[in-house]
Amino acid sequence: MKTLDINLGIDSYKILIEDDILSRLSFYIKEVYKNKKVYIITDDTVKDLYLDKVINSLKDDYQIDYVVVPHGEQSKSIEMFIHVCEELLEKNIRRNELLIGLGGGVIGDLTGFVASSLYRGIPYVNVPTSLLSQMDSSIGGKTGIDFYGRKNILGAFKQPKMVLIDPLTLNTLPKREFNNGMGELIKHGAIGNKKLLDLLFDKPRIDENIIAESLKVKRKVVEIDPFDQGLRMTLNFGHTFGHAIELKYGYKHGEAVAIGMLMAIKMGEDLGVTSKECYEPILKILKLYELPVDNYDYHDYLLDVLNDKKNLAGVVNFIFLTKLGECTITKISEKEIKENLL
Ligand SMILES: NC(=O)c1ccc[n+]([C@@H]2O[C@H](COP(=O)([O-])OP(=O)(O)OC[C@H]3O[C@@H](n4cnc5c(N)ncnc54)[C@H](O)[C@@H]3O)[C@@H](O)[C@H]2O)c1
Ligand SMILES: [Zn+2]
């Protein structure tokens, strides 16, 4: 078992990572929740795979009810938010009763947002089952739904009472969903944890140790920037170019980040910020895990980057590696890009 403490004052919580923890959920949940009823929120895919197991592990200690939503990003909608709230109220949920989010990042974000809104806030525990949700979204307190054609535009910061991660659930994850998390996991190693990269060279199974090393990188930035005021920006390594190619070529987000990292390393090298020792090892790890490493010239995407609405006041914040496991933020103006880099 690996345990990570997330220190956020009154909102501090623990992340416990262990194979087959799904069979022992109530043993741990008892530490943070003393009432009788729990409500599981999950999606149809995860329900078929894991709901029985989860119910079995809780039934001796709790009365259990559950709400199932369709799998996929479409469930992060206002309609599904209303549906889940209605179902919970129909089931007579009280303000001091617990929600358990069982599923990927979609379920985590939706459950957390419901938990932040119902009765102005009820407790929730997160049980992430996709690689992305285990190595990334289980830390940070960001919850929310998509609205008005924009992703995550309605939401709240709401910390879970506890996060319980079972790496064995990754065995049933489809390859592309696995890739989606793996791109971000390698990113965590690249920007903040050389030890994680060293572990990955042997292509081990993604186990509790690797998930913990990945989460430590996110924990570091989240603890100094709990409300995402800017210091979390380093987590965007690979995303500047990644966003430019993600939709254009139909990559999953994490796959686009993989390619975006290679482009950012090349640009960093050209600017003399990134050590020449970064490209080959990152390329090697991406290939080991069969992530796409298609070769796109970063120069061809700088205009897309400039047009991205996130780039305020004609300045782009680029995240570059300095060496393996370390990164820096470099501000480059629109003028400089147009005059010197295009
Ligand atoms: N809150 C945050 O900090 C944060 C961070 C990153 C991403 N996100 C959000 O997370 C979402 C993406 O998360 P995701 O990639 O986990 O998507 P997801 O929840 O849609 O899961 C991907 C697919 O995998 C299935 N699945 C999940 N676990 C499985 C398992 N063990 N076996 C088989 N199938 C399984 C799901 O049913 C779904 O079809 C996005 O909406 C994104 O905005 C949030
Ligand atoms: Zn990302």
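For every chain, the first residue of the written sequence is number 1, and numbering continues from 1 along that sequence. Working convention: letters from A go to chains and numbers from 1 go to ligands, in the order in which they are written. Local features are withheld for residues below a pLDDT of 70 in this predicted model, meaning they are given only at 70 or higher, and side-chain atom pairs are given and counted only at 80 or more; totals for whole chains, interfaces and linings count all residues. Each side-chain value is derived from all of the structure's non-hydrogen atoms; neither hydrogens nor water enter the calculation.

(A) Geometry of the site of ligand 1. Near, as used in this document, describes a residue that has one of its heavy atoms within 4 Å of the molecule or strand being considered. Around ligand 1 sit 27 residues, and of these Asp 43, Glu 73, Gly 105, Ser 130 and Thr 172 come closest. The backbone of Gly 105 places a nitrogen or oxygen atom 2.7 Å from an oxygen atom of ligand 1. Polar contacts here mean pairs of N or O atoms no more than 3.5 Å apart (in protein, one a potential hydrogen donor and the other a potential acceptor; neighbouring residues in sequence count only if both atoms are side-chain atoms). The contact in question runs from a nitrogen atom of ligand 1 to an N or O atom on the backbone of Lys 142, over 2.8 Å. Per-residue and other accessible areas were derived by the Shrake-Rupley procedure at a 1.4 Å probe size, with only the shown protein chains allowed to occlude residues. Protein contact buries 88% of the 850 Å² of open area that ligand 1 shows by itself. Numbered from the N terminus, helices here are DSSP runs of H or I no shorter than four residues, and strands are runs of E no shorter than two. Looking at which element gives the most residues to the shell around ligand 1, the answer is helix 2 (residues 44–58), with four residues. In the scheme used here, Gly and all other residues not listed as nonpolar or charged are polar, with Ala, Val, Leu, Ile, Met, Phe, Trp, Tyr, Cys and Pro taken as nonpolar and Asp, Glu, Lys and Arg as charged. Each residue belonging to the shell around ligand 1 can be placed in one class, and the counts come to seven nonpolar, eleven polar and nine charged. The split into domains, and so the bounds of each, comes from an automatic or database assignment of domains. Shared between two domains, the shell around ligand 1 takes at least three residues from each, and those domains are domain 1 (2–171) and domain 2 (175–341).

(B) Molecular detail of the pattern of salt bridges. The salt bridge criterion pairs a side-chain nitrogen of Lys or Arg with a carboxyl oxygen of Asp or Glu, the two atoms within 4 Å. For the coordinates displayed, the defined rule picks out 27 salt bridges. Three or more residues are tied together by salt bridges with common partners; here these are Lys 37, Asp 65, Glu 87 and Lys 91.

(C) Quick look at the packing of helix 6 (residues 175–192) against helix 8 (residues 208–224). Axis definition: a line fitted to C-alpha atoms, limited for helices to the stretch in contact. Angles are taken between N-to-C directions and run from 0 to 180 degrees. Where helix 6 contacts helix 8, the two axes come as close as 9 Å, and the packing angle between them is 60°. The orientation of helix 6 with respect to helix 8, classified from their angle, is oblique. The element helix 6 and its partner helix 8 pack so that their crossing is left-handed. Between helix 6 and helix 8, the residues in contact are Leu 185, His 188, Ile 191 and Gly 192 and Ile 210, Ser 214, Val 217 and Lys 218, respectively. When grouped by side-chain class, the residues that make up the contact of helix 6 with helix 8 number four nonpolar, three polar and one charged. Oblique is the label for every angle not falling under 35 degrees (roughly parallel), over 145 degrees (roughly antiparallel), or within 65 to 115 degrees (roughly perpendicular). Two helices that cross are described as forming a left-handed crossing if the nearer one is turned anticlockwise from the farther one by less than a right angle, and a right-handed crossing if clockwise. Contacts are assigned to residue pairs with any non-hydrogen atoms lying within 4.5 Å of each other.

(D) Molecular detail of the coordination of the zinc ion (ligand 2). Coordination shells were defined by N, O and S atoms within 2.8 Å of each metal, extended to 3.2 Å for Na, K and Ca; water is absent from the atom set, which can make sites look incomplete. Around the zinc ion (ligand 2), the protein contributes the donor atoms Glu 184 (OE), His 239 (NE2) and His 253 (NE2), which lie 1.9 to 2.1 Å from the metal centre. Per-residue accessibility, obtained with a 1.4 Å probe over protein chains only, is compared with the maximum for each type, and a residue is labelled buried under 20%, exposed over 50%, and partly exposed between these values. When its relative accessible area of 3% is taken as the criterion, Glu 184 is described as buried.

(E) Focus on the side chain of Ser 138. When you line up the elements, Ser 138 lands in the loop between helix 5 (131–137) and strand 7 (142–147). On the basis of relative accessible area, Ser 138 is assigned to the buried category, the value being 2%. Polar contacts involving the side chain of Ser 138 include one to the main-chain carbonyl oxygen of Ser 133, which spans 3.0 Å. A distance of 3.1 Å separates a polar atom in the side chain of Ser 138 from the backbone oxygen of Gln 134. Setting aside chain neighbours within four positions, we find Ser 138 in contact with Tyr 13, Ile 15, Asn 126, Pro 128, Ser 133, Val 163, Ile 165 and Leu 215.

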